Amino acid sequence: MPLYGQVIIGPPGCGKTTYCDEMSKYLQELGRQVAIINIDPANDSLCYKAAIDISELITVEDVMDYVNLGPNGALIYCIEYLEKRLDWLLEKLRKLTGYYLFFDCPGQVEIYTHHNSMKNIMSAIKNELDLRLCCVQLIDCHYCSDPGKYISALLMCTSTMYQMELPHVNILSKIDIAVKHKSKLLFNLDFYTDVLSLDHLLDALQNDPHTSRYHRLNKAIVSLIEGQNIVSFLPLNVKDKRTLELVRKNIDRANGYIFNPEENRNAEMLNSIMQLDINDLTLDVLEDLPKSNSSDKMMQN
């Protein structure tokens, strides 16, 4: 039987470790056996019990002390070291037969946008263990409040989707904060989740004295993102089981996870209790924001 799992990535502070903890608890409620693997050598304050922890092999602090590197260089050194010592990780993963796996990854984005070690690690694990992986990229919803940051996030997501070469789900995390402060957004929140016409963001950038001088560059980046047309987002509040269920369904579809009968029964029961309507969930989460006529886009590559 194949194994299934998620590779949790995203910038620092986007909520990767919290997501691993809350989503793993939700899946356990459904009856799924879950194991979390921490492969962030800088994460020394885990809110979950890790089945495997890279700190047993190497840490950023040790590398900074003994190799005399800064924090960013030390983190890349650790990931390259893990790639060379992959047998250590594979040996531990083979003991997790029957578990659904979460890989809690570092927040240094270049590891996923153009550095090859993380891609090579996941590719080797996938092939060695017959592991069906989905890459889950979290983006903090505060990026929506700044057109420049939002476009940068879209560009990063596009690059990561090509680099990692895995089925991919993009998530706007901490969506409850965006709903609470929606007056600070230029557009309705579904504009950002569905990645609607970015020309409106160009107009906003042109009206900002700090970004107007880069109009040609901004226009070229927007054209690139719209030309690829592979990025859209799911909203997530880890304390709201409706959004956890929406994310869970999309990820299971992306990596081809097959439910066992007990999980099916538990999922149907939870959906009934939550009165969950998957088709309307996004707009339901956005409270009283006006509905858009945009069509939903799949969240996988």
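For the structure, see preceding data.
Residues numbered from 1 in each chain as written. Predicted model: local features only at pLDDT ≥ 70, side-chain atom pairs only at ≥ 80, totals over all residues. Heavy atoms only, no water.

Looking now at the overall build of the protein. Tallying secondary structure elements over the protein gives 14 helices and 7 strands in all. Looking at the protein as a whole, 51% of its 301 residues qualify as buried. Across the protein, contacts joining residues at least 24 apart in sequence account for 78% of those joining residues at least 6 apart. Of the roughly 14,400 Å² of accessible surface on the protein, 48% is carried by carbon and sulfur atoms. (Helix = DSSP H or I, 4+ residues; strand = E, 2+ residues; numbered from the N terminus. Buried < 20%, exposed > 50% of the residue type's maximum accessible area, 1.4 Å probe, protein only. Contact = heavy atoms within 4.5 Å. Areas by Shrake-Rupley, 256 points an atom, 1.4 Å probe, with all protein chains shown as cover.)

Ranked by size, the top nonpolar core spans 36 residues in total, and within it Ile37, Leu93, Phe103, Met118, Met122 and Ile125 carry the most contacts. Discounting chain neighbours no more than four positions away, the residues touching phenylalanine 103 are Gln6, Val7, Ile8, Ile37, Ile39, Leu93, Met122, Ile125, Leu131 and Leu133. (Core = buried A, V, L, I, M, F, W, Y, C linked by side-chain atoms within 4.5 Å.)

Moving on: the layout of surface pockets. Any empty space left between the atoms is revealed when a probe the size of a water molecule rolls over them. The calculated volume of the second largest pocket comes to roughly 290 Å³. In the lining of the second largest pocket, the residues fall into 8 nonpolar, 5 polar and 2 charged. (1 Å grid on protein atoms, 1.4 Å probe; cavity = no way out; pocket = protein on both sides within 12 Å on 5 of 7 lines; lining within 4 Å. Points joined across faces, edges and corners; volume = space filled by probe spheres on them. Nonpolar A, V, L, I, M, F, W, Y, C, P; charged D, E, K, R; others polar.)

A few words on unusual backbone geometry. At asparagine 68, a residue that is not glycine, the phi angle is positive and equals roughly 65°. Tracing the sequence through the fold places asparagine 68 in the loop between α2 (60-66) and α3 (71-84). Owing to a relative accessible area of 70%, asparagine 68 belongs among the exposed residues under this scheme. With phi around 50°, aspartate 130 is a residue other than glycine that occupies positive phi space. Summarising the element assignment, aspartate 130 is placed in the loop between α6 (117-129) and β5 (131-140).

Bringing a negative patch on the surface into the picture now. On the surface, Asp44, Glu61, Asp62 and Asp65 cluster together into a negatively charged patch. Looking at where aspartate 65 falls in the secondary structure, it is placed in helix α2. Given a relative accessible area of 54%, aspartate 65 falls into the exposed group. (Patch = residues over 30% accessible without salt bridge, like charges linked within 9 Å, V, L, I, M, F, W, Y side chains within 5 Å. Salt bridge = Lys/Arg side-chain N within 4 Å of Asp/Glu carboxyl O. Lys, Arg positive; Asp, Glu negative; His and termini not counted. Charge placed at Lys NZ, Arg CZ, Asp CG, Glu CD.)

The next point concerns the pairing of strand β1 (residues 3-9). Among the 7 residues that make up β1, 7 are buried, leaving the element largely enclosed by the rest of the structure. Alternating residues of β1 divide into Leu3, Gly5, Val7 and Ile9 and Tyr4, Gln6 and Ile8, and every residue in both groups is buried. As defined by bridge partners, β1 adjoins β5 across 7 bridges and the pair is classed as parallel. Each bridged residue has a counterpart across the sheet, and for isoleucine 8 the counterpart in β5 is valine 136. Two elements, β1 and strand β4 (residues 100-104), share 5 bridges in a ladder whose sense is parallel. Residue pairing in the sheet places isoleucine 8 in a bridge with aspartate 104 of β4. (Pairing = 2+ DSSP bridges.)

The next thing to look at is the packing of aromatic side chains. Evaluation of the coordinates by the stated rule reveals 9 aromatic pairs. On the numbers, 6.4 Å between centres and 65° between planes, the contact of tyrosine 19 with phenylalanine 102 is edge-to-face. Placement of tyrosine 19 in helix α1 (residues 16-29) and of phenylalanine 102 in strand β4 is noted, with a sequence separation of 83 residues between them. In terms of burial, tyrosine 19 and phenylalanine 102 fall into one category: buried. Where phenylalanine 187 meets phenylalanine 191, the ring centres are 4.4 Å apart and the plane angle is 25°; that geometry is what we call stacked. Residue phenylalanine 191 is classed as buried on the basis of its relative accessible area, which comes to 6%. Each residue in the set Tyr4, Tyr19, Tyr100, Phe102 and Tyr257 is aromatic and connected to the rest through ring pairs, giving one cluster. (Phe/Tyr/Trp six-rings, centres within 6.5 Å; stacked < 30°, edge-to-face > 60°.)

This part is about the pattern of salt bridges. With the rule as written, the count across this model stands at 11 salt bridges. A salt bridge links arginine 32 to aspartate 252; its shortest N-O distance comes to 3.0 Å. A residue pair is termed long-range when its members are at least 10 positions apart, and arginine 32 in the loop between α1 and β2 (34-38) and aspartate 252 in helix α12 (residues 241-255) qualify at 220 residues. Across the pair, exposure class does not vary: arginine 32 and aspartate 252 are buried alike. Ionic pairing is found between glutamate 128 and arginine 94, a salt bridge with its closest N-O pair at 3.4 Å. Remark: arginine 94 occurs in the loop between α4 (86-93) and β4 and glutamate 128 occurs in helix α6; sequence separation between them is 34 residues. Using a relative accessible area of 49% as the deciding quantity, one classes glutamate 128 as partly exposed.

Relative to each other, α3 and α4 sit at 70°, their axes nearing to 4 Å. Put simply, α3 runs roughly perpendicular to α4. In this structure, α3 uses Leu82, Glu83 and Lys84 to contact α4, whose residues at the interface are Leu86, Trp88 and Leu89. For the contact of α3 with α4, the class distribution of residues is 4 nonpolar, no polar and 2 charged. (Axes fitted to C-alpha atoms, helices over the stretch in contact; angles between N-to-C directions. Parallel < 35°, antiparallel > 145°, perpendicular 65-115°, else oblique.)

By themselves these figures say nothing about function.
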